[in-house]
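Secondary and tertiary structure notes
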Amino acid sequence: MTDDLVTAPWAPLSPSEVCELMARTDRPWLIAGGHAIDLFVGRTTREHADIDVFLLRRDQQAVHEVLPGWEIYAADPPGQLRRWLPDETLPTGVHDIWCRPDADSPWQVQFMLDEAEGDEWISRRNAQVRRALGELRHTSASGLPFLAPEVQLFYKARGRRPKDEQDLETVLPHLSGDQRGWLREALTLEHPGHPWLSRLG
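A few points on the structure. Fair warning: this is a prediction, and the values are worked out from it, not measured in the lab. (Residues numbered from 1 in each chain as written. Predicted model: local features only at pLDDT ≥ 70, side-chain atom pairs only at ≥ 80, totals over all residues. Heavy atoms only, no water.)

A word on the environment of Trp 84
Along the chain, Trp 84 turns up in the loop between β4 (80–83) and β5 (96–100). C-alpha of Trp 84 to C-alpha of Cys 99: the two residues are 15 residues apart in sequence and 10.0 Å apart in space. Setting aside residues no more than four positions away along its own chain, Trp 84 makes contact with Gln 60, Gln 61, Val 63, His 64, Ile 72, Tyr 73, Ala 74, Leu 90 and Ile 97. Engagement of the side chain of Trp 84 in a polar contact is seen with the backbone oxygen of Glu 88, the distance being 2.9 Å. (Helix = DSSP H or I, 4+ residues; strand = E, 2+ residues; numbered from the N terminus. Contact = heavy atoms within 4.5 Å. Polar contact = N/O pair within 3.5 Å; in protein donor to acceptor, adjacent residues only side chain to side chain.)

Here it is, written out as structure tokens:
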């Protein structure tokens, strides 16, 4: 990614502020990343440097709908940020969108594009890993929609950064048997022998 853009500071919106913006569209979306973990357990578990929003690729234009006039950048592989204009449909290889109100403002929200066929979510990392779209959505006590924790952990399993390990520790005691089972099966498909598998029972 372009160094000066990537190193620009972040001042992430809160989940409730994201919800206010997304009220401008009827396309489905979910709070993702570490904030989704917090919403699942009902408390702030750690600091967050950014905020991620889960959005289906087919609904990508929702970003422009809810952020008119903002600077919106697509993250092109192998890692270049470039302006994304409303008349362009992003190709399959582009998954991340960074947004800020203007060039003098910090980054405030990141959208993550995911794949789907009909009513089924398909992991962009492994097409064998799938889930009914309706099972991805959880809602917090305050009414905020967030990504199912087992799916969020599936994303985090690849990196196993310290914050990902912390999120696993936070979530694991709260997962149901069905949630553990789905995550165990998904990890077996994508990461055979992953160290988290032994902890899922």
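Re the pattern of salt bridges
This model, assessed by the stated rule, comprises 17 salt bridges. Where Asp 167 meets Arg 46, a salt bridge forms, and the shortest distance between an N and an O atom there is 2.9 Å. Of this pair, Asp 167 sits in helix α7 (residues 162–171) while Arg 46 is found in the loop between α3 (33–41) and β2 (52–56), placing the two residues 121 residues apart along the sequence. Under the relative-accessibility criterion, Arg 46 is labelled buried at 14%. A salt bridge links Arg 124 to Asp 114; the nearest nitrogen and oxygen atoms lie 3.1 Å apart. Here Arg 124 is found in the loop between β7 (120–122) and β8 (130–132), whereas its partner Asp 114 is found in strand β6 (residues 109–117), with 10 residues between them in sequence. According to the relative accessible area criterion, Arg 124 is partly exposed, its value standing at 25%. What emerges from the salt-bridge pattern is a single network uniting Arg 46, Lys 156, Arg 161, Asp 164 and Asp 167. (Salt bridge = Lys/Arg side-chain N within 4 Å of Asp/Glu carboxyl O. Buried < 20%, exposed > 50% of the residue type's maximum accessible area, 1.4 Å probe, protein only.)

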